[in-house]
Every structure is written in C-alpha cells, then in structure tokens.
Amino acid sequence: MNDGFGYRIGIDVGGTFTDVVLISNKTGETSVTKTLNKHLDRAVTVVESIEVLLKKTGVNASKIDCISHGTTITTNAVIERKGAKTALITNKNFRDILEIGRFARPADLIYRVHEDKPSPLVPRYLRLGVSCRIDRNGNATSEIDEKELSNLIEEIRMLEVESVAVCFLFSFLNPLHEERVREELTGKLPHIDVVLSSEILREFREFPRTATTVFSAYVAPVLRNYITALLSLLSDRGISCPLYIFQSNGGVSQPDIVMRNPALTLLSGPAGAVVGAAQLCGQAGYNDLITMDIGGTSLDVCLINNSTAEATTTREIDMFPVGIPMLDVHTIGAGGGSIVRIDDVGRVKVGPDSMGANPGPSCYGLGGDETTLTDVNFLLGLLDGQTFANGEVPLDIELAKSVIKKNIADPLGVEIHTAAAGVYRVATNQIAEAIRTVTVERGSDPRDYSLVAFGGGGPLHASAVALELGLSQIIVPRHPGLFSARGIATADFSHDYIQSIVRPISDVAYKEIDSSITDLKRQALEDLTAEGVLINRQKMEPALDLRYIGQTTEITVPIKSTNNIQQKEVFDVINQFHQLHERLYSYSVVDEPVELVNIRLRAIGTVPKPPIVEIKGSGERPSPVNERAVFMPNGEDSRLVPVFYRDHLKPGVEINGPALIEELSSTTLVLDKMKVTVDAYENMIITLDKVGQKL
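In what follows, the accompanying structure is described.

Description of the overall build of the protein chain
Looking only at helices and strands, the protein chain features 16 helices and 35 strands. Scaling as 2.2 N^0.38, a compact globule of 695 residues should have a C-alpha radius of gyration of about 26 Å, and the protein chain matches this with 26 Å. With respect to the three principal axes, the spread of C-alpha positions in the protein chain is 80 × 55 × 55 Å. Considering only contacts in the protein chain between residues 6 or more positions apart, those separated by 24 or more positions represent 68%. Here the protein chain has roughly 28,900 Å² of accessible surface; of this, 49% comes from carbon and sulfur atoms. Separation of charge centres in the protein chain, based on 68 positive and 88 negative side chains, amounts to 1 Å.

Section: the environment of Ala334
Looking at the element boundaries, Ala334 is found in the loop between β20 (330–332) and β21 (338–342). Judged by relative accessible area, Ala334 falls into the buried class, the value being 0%. Sequence-wise, Ala334 and Ile9 are 325 residues apart; in three dimensions their C-alpha atoms are separated by 28 Å. When near neighbours in sequence (up to four residues on either side) are disregarded, Ala334 contacts Ile294, Thr297, Ser298, Leu299, Val350, Leu373 and Gln430.

Some thoughts on the nonpolar core
Counting 79 residues, the largest nonpolar core has Ile50, Ile67, Ile89, Ile156, Val164, Leu185 and Ile239 as its most contacted members. Looking at this core element by element, the count peaks at 15 residues for helix α7 (residues 206–236). Core analysis: the second largest hydrophobic core is formed by 73 residues, Val350, Leu373, Val403 and Leu471 among them.

Looking at the pattern of salt bridges
What the rule picks out here adds up to 41 salt bridges. Salt-bridge contacts for Arg628 lead to Asp384; the nearest nitrogen and oxygen are separated by 4.0 Å. On the criterion of sequence distance, the pair formed by Arg628 in strand β29 (residues 626–630) and Asp384 in the loop between α10 (373–379) and α11 (397–412) is long-range, its members being 244 residues apart. Here Asp410 ties to Lys405 by a salt bridge, and the two come within 3.0 Å at their closest N and O atoms.

Here's the deal with unusual backbone geometry
The step from Gly351 to Pro352 runs through a cis peptide bond, and the omega angle for that step is 5 degrees. Mapping Pro352 onto the fold places it in strand β22 (residues 348–354). In this structure, the amide linkage connecting Gly657 to the following residue, Pro658, adopts the cis form with an omega of 5 degrees. Secondary-structure assignment places Pro658 in the loop between β31 (654–656) and β32 (659–662). Not every positive phi belongs to a glycine, and Phe170 is a case in point at roughly 60 degrees. Within the secondary structure, Phe170 is located in the loop between β9 (163–166) and α5 (176–188).

Calculation criteria
- Residues numbered from 1 in each chain as written.
- Predicted model: local features only at pLDDT ≥ 70, side-chain atom pairs only at ≥ 80, totals over all residues.
- Heavy atoms only, no water.
- Helix = DSSP H or I, 4+ residues; strand = E, 2+ residues; numbered from the N terminus.
- Rg over C-alpha atoms; globule rule 2.2 N^0.38 Å.
- Contact = heavy atoms within 4.5 Å.
- Areas by Shrake-Rupley, 256 points an atom, 1.4 Å probe, with all protein chains shown as cover.
- Lys, Arg positive; Asp, Glu negative; His and termini not counted.
- Charge placed at Lys NZ, Arg CZ, Asp CG, Glu CD.
- Buried < 20%, exposed > 50% of the residue type's maximum accessible area, 1.4 Å probe, protein only.
- Core = buried A, V, L, I, M, F, W, Y, C linked by side-chain atoms within 4.5 Å.
- Salt bridge = Lys/Arg side-chain N within 4 Å of Asp/Glu carboxyl O.

This is how it looks when you write it as structure tokens:
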C-alpha cells in the first residue's frame, strides 16, 4: 500500500453475499456493491463484483493501488470437510494425539454423554509415525530412522495424499527432525504441501500445536488454488495491483507469507468489521464498543476497549483448538439465513445452521423451504421486498408466509404474525446472551459501552437488543452491510511470532529474553520489508506469557520497552502480571514464583488511511419517503411506520421513533422512545429516552 492518489479495494466473501468497497486514498470517498454468491467458484464472484463497481464508478483498473481480501474459504473447507486429503507425521506411537485431545470433555458435550466430539480432519490410517526424539531441552536423543521415513513416504505416495502436517515432540525448541522430513518429502513428492509445526506454532502443548498444524495442512491446497485462480482472473481483467490477504489477527499480509501458515485465515471473516469499528468509530470519538455483526449465516460480537479489540489464542473449530493469535470474536448461528425451528420440547430456536446463499431464505424464491430470520423480518414488514440487497434479490411475501405458517405458527397454534414476532424476540434474547458472554462473563458491564451494529441484519435488531441489555447508545455506521469489507480495506499489515521458554522467570536471564525478542524481530523485519513497509511505519510489540507455577493458563503481559530489554523491564512485567491477575481473577499472590511460558512479538506495518471528512448539515428533518405497515416485535397489531432513506439524513438531523431507515446494504429499525441523530462523520446515533424499557 502506498501514499498515492489512487484507490484501494476491500473484499469480504461471506456465506451469502460478497461485499466490495472502493475507497479513494485522496478523498476517502467510498463506493460499494453487494453481490449474491451465485457461483460455486467464489473467485468468479469476486472479480465480477469488482468489475461491477469499477464500471459504476468509472474508475480505471490501473488506478487501483491494492486489493485487501478477506474470505471464509478456509473456514468453510474445515466445517464442510472439503479440504485436502491430509496425512500427519509424528513421533512413532504418538499418532493418536488428535484423538486423545485434552483430559477434559469439551464443554458442549459435558451433558451430552452419548455423543462423541467430531472426528479429526486426518483419519487414523493417514496418521503415521516415525522413530526419532527431541528431548525437553531441545537435544536430539534419537535420530530419524531413515528406512522408516523412506517407507512412510512411499506409503504417502500410494495413498495419494495432497498435503502433509509434520509435528514432533519439542520441535518448537529444535526443528531439525521436522526439517529433515520436509526435505525428503519435497524431494520425492514435490507436488504435495508440507507444513511443519515448528513454523506454524513454536509453542508447547502438543494437542493445540498438532491440531493447528493439521488445520494449516488441510486448507493449504484449497487456499493456494483459490489465490492462484483469483490472481489469474484479475490479471485477465487488467488488474495487476498487489493482493493482500486478511488474517484472523486483524491485519493483512502478502499471499506467499500467508501460505506459510494458512491457518492464519481461519476465522478471519468476522475480524474485518471489528477492525473497521475500532478505526472508524475511534476516529469519530467512540472508543469503548460492543460490535454486533449480523450477516447471512451468523452473529459475531466482540468487545473493544479504548479502540483496541480483545484478542485470544484459545479459539476452536469443531472442538479442535486453533492456537494462533486472533481477534476474540464470539460467533453464534443467528444470521439472516439462520433456520428457525421448533425443537422436540416445543422451544423456538434460531440457528445454528443456515440456508446460505443457495437456496437461501424461502422468500428469495430460489427453492428454500425452511423458515429463516430473513423470512421473519420480511413478514413483520421490516424489509422492503423490492429494494432488498439493492434490488438484486426481490423477495416473495407469500413464500415467507407459507413457511412461517407451516413450520412455526401451525405447530404452536398461533397466528403467523404472532409467531414471527415471537421468533424476533427469541433472536433478540440469543443475541443479548452472546453479548453477555463477551462482557458480563468476563467482568465487564455492557452498559459502559456503545453498541455498534452492522452487517445486513445488525441494524434491524440493535434497538431491541439495546433494550434487552439496558444500553443507552447505538451506533450505525455508513454502509453497515459492507462494514467488514471497509475494515479490511484499511487494515494494517500484522504478523505474530512466538517462542516457548517454559521455566521460572527467575531462572531466565534478561539477556536471554532480549536475545529471543531480537530473533523474532529479525523475522518480522524480513516479512514487513518483503511487503514494502517502510521502517518508519513498522511497530514491534513484544510481550511475555506468564503464570504462577502450577497454573495451566497464562496471561499475556506487554513489555513497554521495545529495545534492549534490561532486568528492570523484566521486574516491571512481573509486577504488571500480578496486577492483571488481580483484575482478572480478583486475587494475586505476589510471593508466589512466576513462570515464563512464551515470548511473543506482534509486528505491525501501519498503512496510510484515507481521510474521514467531517460533514456539515443543516439538521433539517426530511420527509418520509413512504410509510409501511409494520408488526412491531412486541406482538402488537400492525401500525404505519415512516420510512426514511439514509442518504436524506444529514448531520444534525433528529428523528424520533418508531421509524425505518433504509440504505443500500441494510435497514435500521428505531423503536418507540428512541431518537436518531447523525454526527459529523455520518454515523447514525440512536439513543434511548428511558434506559431499561422492554419490548
């Protein structure tokens, strides 16, 4: 990314729609398009969407400086089990690490004793062992049995394996044996992908390291084929600017760097909007936020404190850990395409499965016969069937009535609009519970935050959710249905590096810590330089993972000094650890010995951001463009609600609810006793007259 006066493109490929934004680097002017995912080949949809946007804006392809691309292709490959045929090579007699997992039963299965957790991505016949051993000090105590390795490679050839994950004990301390296996594999089977755990996750704990390495190997051919096809299609259209891939940690990277660890793209989809919220809302003066992103298949929520999103390294997919740093986005199945059902005991449930784009909600008229949240919102009058998704997907009200009557109203013995209003309230409760998970359950009061609503469905449900949680302010940014793509377009470069050193910190000399951080910085400098990031735009953020000896979890503590770590910095970090432990767990034991677990480094390459121009407005209230009969979610009879176009709302305007505010990518519902204003950055601010009121 450069400081030129061209344009940047942000792309978010979701489960139902592909969103593309075009931003002028000089003026910040933003143009958008949203396309239904009609093609099995997502790369075709992406390129077609770019062409539509360029044609609409009259921008020449040569003016595009860069494309930043977020995609769910790797996540979907895992969930749908459509990744590569993958083998796992580990120490002999250790091939069942994936099967054994942790001692504790997964939380989702604690009371479902007759159910097993999902099967590993690598079946047992493809999990292979070879004799060799590195000890806990990083010393080779048993070298690789070359004959075994040769036989193993021949077996992989016969099994027609496409990708191989290699994970040996203590290889994070000494990668010698893993590198030897790769050397033999690439020499004899150059067509397959080989992924080493020592390059994926240089961290102790065998199960997360093995699982993360397997995830990377499983999706590597899928991601490589997709990127190759996309670059070819872009080139055919005369688009030759750099392509950057968005990662789960909230930053972008070059494709060749991402391909060293394809797991970096797992769960990256929801992170884009969080980055956008932190940047754009932060520039407008809103720093403490709860993000609520409702798309076609899921609801994603995240907590932002002081413009910094919460991060984690403990996420799971299908109950298998993904041990890489990522934004801590909590996801549930409550999107527009989520299926509404009545369970065996008569409860209404929204999700977790979705109709996706094909066939999609029943009202799309593409063959769907299940009730979805979009069908419900349409029947309540919250959506305009002719302008939905910019008119690309006209909605059929009779189809929505039919599936709601058959699947929900008749089984419950109620009228269809009563059933739809009940489903809306159930969805509201599920969304509120997800927000409590990232706030109340972690010691934060949601009432201390502003709710940022985006995604196609976020603004439709935000007012009801705010009432449920007692929140006093809602922010709906411009283009909420494409907010993730907008965040991706302006994301910085970001890379995370780690090295495990599991010893009491009193036994680790500060020079050893400084030396390890220096080594990590050297790797970071190589990556950022390869991406063209200038030195003055590079930031290095070292940190230590610490715990009390005997604990099984650690706390990441940042190191304030980034150069020449001295003993004083180590003491400061230990003191910070005690303070953080007190805040998180309500106690600390300052006399207890502290253990160093990992040394971390986050390297950031900041990119110039397009300007956000303050806009002045007269504050004059526009007239509604029409009125629509709406069955309000509290179950009352229909009432005429004024409908406004968002483009007509200028800074300073005030509108009292109830109201519907429509725009290209979303519709915002404003309930009774709520007021809408527009700030100088064109954010809609919804405030509640009386906090604590209910639907």
